[in-house]
Amino acid sequence: MNRTTYLSPAKINWFLHVTGRRADGYHTLETVFQCIDWCDELHIHADANGVIRLSGNLCGVADTDNLAHRAARALQQHAHAQGIATDHLGAHIHLVKHIPTGAGLGGGSSNAATVLRVLNEVWNLHFDNPTLQTIGLTLGADVPFFVSQYSAAFARGVGETLQALNLVSRELLLVNPNVHVNTRAVFTHPSLPRQHAPLSDSLDALQTQLNHLPFQNSHSNDLEVVTFAVSPEVKAVYDALKPLAPTRMSGSGATVMACPSNEAEHQALNEWTQRCPTHWQFRWVKNIA
Ligand SMILES: C[C@](O)(CO)[C@H](O)COP(=O)(O)OP(=O)(O)OC[C@H]1O[C@@H](n2ccc(N)nc2=O)[C@H](O)[C@@H]1O
Ligand SMILES: Nc1ncnc2c1ncn2[C@@H]1O[C@H](COP(=O)(O)OP(=O)(O)OP(=O)(O)O)[C@@H](O)[C@H]1O
């Protein structure tokens, strides 16, 4: 069988401001998404039998609940709604997971986006990128960013209004205390601050600021306060890294990132990894420029 391998990258959020809450309960955000060089592998083979099959590491959910399977079905359904015959649109998707799940790194959303893009091509559907992003948004707020294939983007709305950014490549130390953070529980927590004023800087100014210093004092991750309260282990990681280098949580956690701005900070973080608790995982990554 001919299966082609596709890489499905993780993301981080350089910052994440919660600017409001919509009537449907979803929150409006201002965030900068950034792809990093830590990827899952998806082996995808098109079948002409109309059946979606999923194998590999299914992340503890039923195969039909997996975001890769749901993405394939969403694409079939969209094609059907457009009057396209879908009886023959099948695929075998084999998932090799490397990105930790529930880690604020968007692995599931990235897998969904990869499936949408690849099956759109191998099924010869020719839907344009905005259409795929709209389908992706029904699967998760992070999916449109991954569909866009921007390496970095300023996002508004719930994450679907995207403007590409060109950010320089840097090394980041990601540390995960091996706890799973439930994104929904963080967003629905009564203590979540929900009124961050929208940024007034132009896109160019934002890009310049982030290229100078990616963790600006004037930016924050508004989800930190809640995640730290419900997962003290994530706060413990933050407290361990913060004295060594600029530090921030990604997404709703559990991953905490440290981004050294000079050689001394880099060395301090490297030394820290030698004494990192054994039940925490760390990994040096680079953001994709
Ligand atoms: C935290 C981020 O990862 C930042 O990149 C995203 O905003 C979350 O994106 P995601 O994991 O794709 O989240 P979804 O699967 O869409 O949503 C999970 C749950 O989080 C809440 N949610 C999510 C995104 C958002 N902008 N507002 C919300 O209130 C909703 O309760 C939703 O039921
Ligand atoms: N293909 C998939 N990969 C990872 N998780 C998946 C997948 N399909 C479904 N899931 C479920 O989705 C949940 C969240 O997955 P994911 O790893 O994308 O979260 P996350 O990194 O915290 O995302 P975000 O930063 O977008 O909140 C997992 O607990 C898992 O059960």
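Remember, it's a predicted structure, so these values are computed and weren't measured experimentally. (Residues numbered from 1 in each chain as written. Chains lettered and ligands numbered in written order. Predicted model: local features only at pLDDT ≥ 70, side-chain atom pairs only at ≥ 80, totals over all residues. Heavy atoms only, no water.)

1. A closer look at the pairing of strand β2 (residues 27-47)
Every other side chain in a regular strand lies on the same face of the sheet, so the side chains alternate between the two faces. Most of β2 is tucked away: 17 of the 21 residues are buried. When strand β1 (residues 4-21) meets β2, the two strands line up antiparallel, connected through 14 bridges. By the bridge assignment, P9 is partnered in β2 with C39. Adjacent in sequence and paired antiparallel, β1 and β2 are bridged by 5 residues, among which G25 carries a positive phi angle near 95°. Looking at chain direction, β2 and strand β5 (residues 152-156) are connected through 4 bridges and run antiparallel. (Buried < 20%, exposed > 50% of the residue type's maximum accessible area, 1.4 Å probe, protein only. Helix = DSSP H or I, 4+ residues; strand = E, 2+ residues; numbered from the N terminus. Pairing = 2+ DSSP bridges.)

2. Focus: the site of ligand 2
Lining the immediate environment of ligand 2, one finds 21 residues, of which K97, G108, D142, H180 and T183 sit closest. Interatomic distance of 2.9 Å between a backbone N/O atom of G102 and an oxygen atom of ligand 2. Measuring from an oxygen atom of ligand 2, one finds a side-chain N or O atom of D142 at 2.4 Å. Relative to its unbound accessible surface of 620 Å², ligand 2 loses 84% to contact with the protein. If you tally residues by element for the shell around ligand 2, the top one is helix α2 (residues 107-122), at 4 residues. Among the residues making up the shell around ligand 2, the classes are represented as 6 nonpolar, 12 polar and 3 charged. Both domains that meet at the shell around ligand 2, namely domain 1 (5-164) and domain 2 (170-287), each give it at least three residues. (Near = heavy atom within 4 Å. Polar contact = N/O pair within 3.5 Å; in protein donor to acceptor, adjacent residues only side chain to side chain. Areas by Shrake-Rupley, 256 points an atom, 1.4 Å probe, with all protein chains shown as cover. Nonpolar A, V, L, I, M, F, W, Y, C, P; charged D, E, K, R; others polar. Domains from an automatic or database assignment.)

3. Quick word on the UniProt feature "domain: GHMP kinase N-terminal" (unreviewed entry) in the protein chain
Here the UniProt feature "domain: GHMP kinase N-terminal" (unreviewed entry) sits at residues 66-148. For residues 66-148, helix accounts for 55% and strand for 8%, while the C-alpha atoms at its two ends are 21 Å apart. (UniProt positions renumbered as here; feature names shortened; annotations may be inferred.)

4. Overview of the UniProt feature "active site" (unreviewed entry) in the protein chain
The UniProt feature table records "active site" (unreviewed entry) at K11 and D142. Spatial clustering of the annotated residues is evident: they stretch over 132 residues in sequence, but the largest pairwise C-alpha distance comes to 9.1 Å. Those annotated residues that line the largest pocket are K11 and D142. Inspection of the secondary structure assignment puts K11 in strand β1. Assessed through its relative accessible area of 3%, K11 is described here as buried. The residues touching K11, leaving out its near neighbours within four places in the chain, are F33, Q34, C35, I36, G104, L105, G106, D142, F145, F146, S250 and G251. In terms of polar contacts, K11 uses its side chain to reach the side chain of N13, at 2.7 Å. One can find D142 in the loop between α3 (129-137) and α4 (143-148). (1 Å grid on protein atoms, 1.4 Å probe; cavity = no way out; pocket = protein on both sides within 12 Å on 5 of 7 lines; lining within 4 Å. Contact = heavy atoms within 4.5 Å.)

5. Describing the packing of α2 against α3
Between α2 and α3, the least distance of the axes is 10 Å, while the angle of their chain directions is 135°. The pairing of α2 with α3 is recorded here as oblique in orientation. Regarding α2 and α3, the two cross each other, and that crossing is right-handed. Packed against α2, whose contacting residues are L116, R117 and N120, the element α3 presents L132, I135 and G136 at the interface. For the contact of α2 with α3, the per-class residue count stands at 3 nonpolar, 2 polar and 1 charged. (Axes fitted to C-alpha atoms, helices over the stretch in contact; angles between N-to-C directions. Parallel < 35°, antiparallel > 145°, perpendicular 65-115°, else oblique. Left-handed = near helix turned anticlockwise from the far one by under 90°.)

6. Structural notes on the layout of surface pockets
A probe matching the size of a water molecule, rolled over the atoms, marks out where space remains unfilled. Taken as a whole, the largest pocket holds about 1200 Å³ of empty space. Looking at the largest pocket, it is lined by 43 residues, and the ones nearest its centre are L67, S109, D142, T183 and R184. Looking at the lining of the largest pocket, the elements that each hand over two or more residues are β1, β2, α1 (67-81), α2 and α5 (183-187). Its residues assigned to classes, the lining of the largest pocket comprises 16 nonpolar, 19 polar and 8 charged. The residues that make up the lining of the largest pocket include at least three from each of domain 1 (5-164) and domain 2 (170-287). F215, N217, K242, T247 and R248 are, among the 13 residues lining the second largest pocket, the residues nearest its centre. Tallied by class, residues from the lining of the second largest pocket come to 4 nonpolar, 6 polar and 3 charged. (Points joined across faces, edges and corners; volume = space filled by probe spheres on them.)

7. As for the nonpolar core
Generally speaking, a soluble globular protein has its nonpolar side chains buried in company with each other. Membership of the largest hydrophobic core comes to 35 residues, with the highest contact counts inside it found for L75, I93, V115, L116, L119 and W123. Contributing elements (two or more residues each) for this core: β2, β3 (52-56), α1, β4 (90-96), α2, α3, α4 and β5. Ignoring any residue separated from it by four or fewer positions in sequence, one finds I93 in contact with L42, H43, I44, I52, R53, L54, S55, A68, A72 and V115. In this structure, V181, L244, A254 and L269 belong to the second largest nonpolar core, which totals 26 residues. (Core = buried A, V, L, I, M, F, W, Y, C linked by side-chain atoms within 4.5 Å.)

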